[in-house]
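Each chain is listed here by its residues.
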Amino acid sequence: MSEQVIRFTRIFDTCYESVLRYAARRVGKDTAGDIAGETFSVAWRRIEDMPQDDNDALPWLYGVARHVIANEERRERRSGRLVARLMHLSWSGRAAAGDHGEDVVGTTALEAVLGRMSPTDQEILRLIGWEDLSISQAAVVFDCSPATMAVRARRARQRFLAALKDHGVTTTPSDAPTYRSAWEETGRE
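A brief look at the structure comes next. Bear in mind the structure is a predicted one, so any value in this text is a computation, not a measurement.

**Brief notes about helix α7 (residues 135–142)**
Among all positions of α7, only Ile 135, Ala 138, Ala 139, Val 141 and Phe 142 are buried. One side of α7 holds all its buried residues, which, seen down the axis, span an arc of 155°. Of the residues flanking the end of α7, it is Asp 143, one or two places downstream, whose phi is positive at about 55°.

**Some details on the pattern of salt bridges**
Two side chains of opposite charge can pair, provided their charged atoms sit close to one another. Taken as a whole and judged by the stated rule, the model has 8 salt bridges. Between Glu 131 and Arg 25 there is a salt bridge, and its shortest N-O distance comes to 2.6 Å. Taken as a pair, Glu 131 in the loop between α6 (119–129) and α7 and Arg 25 in helix α1 (residues 3–27) lie far apart in primary sequence, 106 residues in all. Arg 25 gets classed as partly exposed once you look at its relative accessible area, which sits at 35%.

**Comments concerning the packing of α7 against helix α8 (residues 146–166)**
Orientation of α7 relative to α8, taken along the N-to-C sense of each, is 100°, at an axis distance of 8 Å. Taken as axis vectors, α7 and α8 run roughly perpendicular relative to one another. Counting all contacts with α7, which are made through Ile 135, Ser 136, Ala 138, Ala 139 and Phe 142, the residues of α8 involved are Pro 146, Met 149, Ala 150, Arg 152 and Ala 153.

**Some details on the packing of aromatic side chains**
Going through the model one piece at a time under the given rule, you end up with 7 aromatic pairs. A ring pair is formed by Phe 12 and Phe 40, whose centres lie 4.9 Å apart and whose planes are at 70°; its orientation type is edge-to-face. Within this pair, whereas Phe 12 is found in helix α1, its partner Phe 40 is found in helix α2 (residues 29–45), the two being separated by 28 residues in sequence. On the accessibility criterion, Phe 12 (30% relative accessible area) is partly exposed. One cation-aromatic arrangement involves Arg 26 over Tyr 22; the distance from NZ or CZ to the ring centre is 3.8 Å. Directly above the aromatic system of Phe 142 lies the positively charged group of Arg 66, at a separation of 4.0 Å from the ring centroid.

**Description of the nonpolar core**
One finds Leu 61 and Met 149 to be the most contacted residues of the largest nonpolar core, which totals 44 residues. Put simply, the parts of the chain that give this core at least two residues each are α1, α2, α3 (57–87), α5 (109–116), α6, α7 and α8. The element best represented in this core is α3, accounting for 9 residues. Dropping the residues within four chain positions of it, Leu 61 is found in contact with Ile 11, Cys 15, Val 19, Thr 39, Phe 40 and Ala 43.

Cut-off values and rules
Residues numbered from 1 in each chain as written. Predicted model: local features only at pLDDT ≥ 70, side-chain atom pairs only at ≥ 80, totals over all residues. Heavy atoms only, no water. Buried < 20%, exposed > 50% of the residue type's maximum accessible area, 1.4 Å probe, protein only. Helix = DSSP H or I, 4+ residues; strand = E, 2+ residues; numbered from the N terminus. Arc of directions from axis to C-beta. Salt bridge = Lys/Arg side-chain N within 4 Å of Asp/Glu carboxyl O. Axes fitted to C-alpha atoms, helices over the stretch in contact; angles between N-to-C directions. Parallel < 35°, antiparallel > 145°, perpendicular 65-115°, else oblique. Contact = heavy atoms within 4.5 Å. Phe/Tyr/Trp six-rings, centres within 6.5 Å; stacked < 30°, edge-to-face > 60°. Lys NZ or Arg CZ within 6 Å of the ring centre and 35° of its normal. Core = buried A, V, L, I, M, F, W, Y, C linked by side-chain atoms within 4.5 Å.

Pasting the structure below:
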């Protein structure tokens, strides 16, 4: 076997479950497998672009998955608009199919507030908070410098805390993560 095949297999074995969970949190379990599969398909085609250090592969794969999800969302929006035109129905921007009972039963304050934030802010908070990436790793996903990501993360966090307050949720300083480590990562105090 070639070195590329061996490396890809090792990264796939190590990272597939994490990429699958990442996708499931964004698009649901039904579509997550397709997103993960497409992510690794793109990764195979772009294996030369993958970071040389295997420890940096997961953030890079999250970046690929993020683009795959965005492409899928654009395709769904186009498809939805076409169906609406064909059926002469107004399109609300929501998926046509799905269990609306989940919307009614499962909405928490956190989800409601996060859902009103910009997609970029949502992604930054999810990468750092749920995927447990460092600022440097999140910077790889967004293809920016760690210093830029530190600023984006701080601003996203501030907007999130303000939105929680507007929603009637009170927080204490211990409730929210700090990004001091981001400054330490970039060499600033």
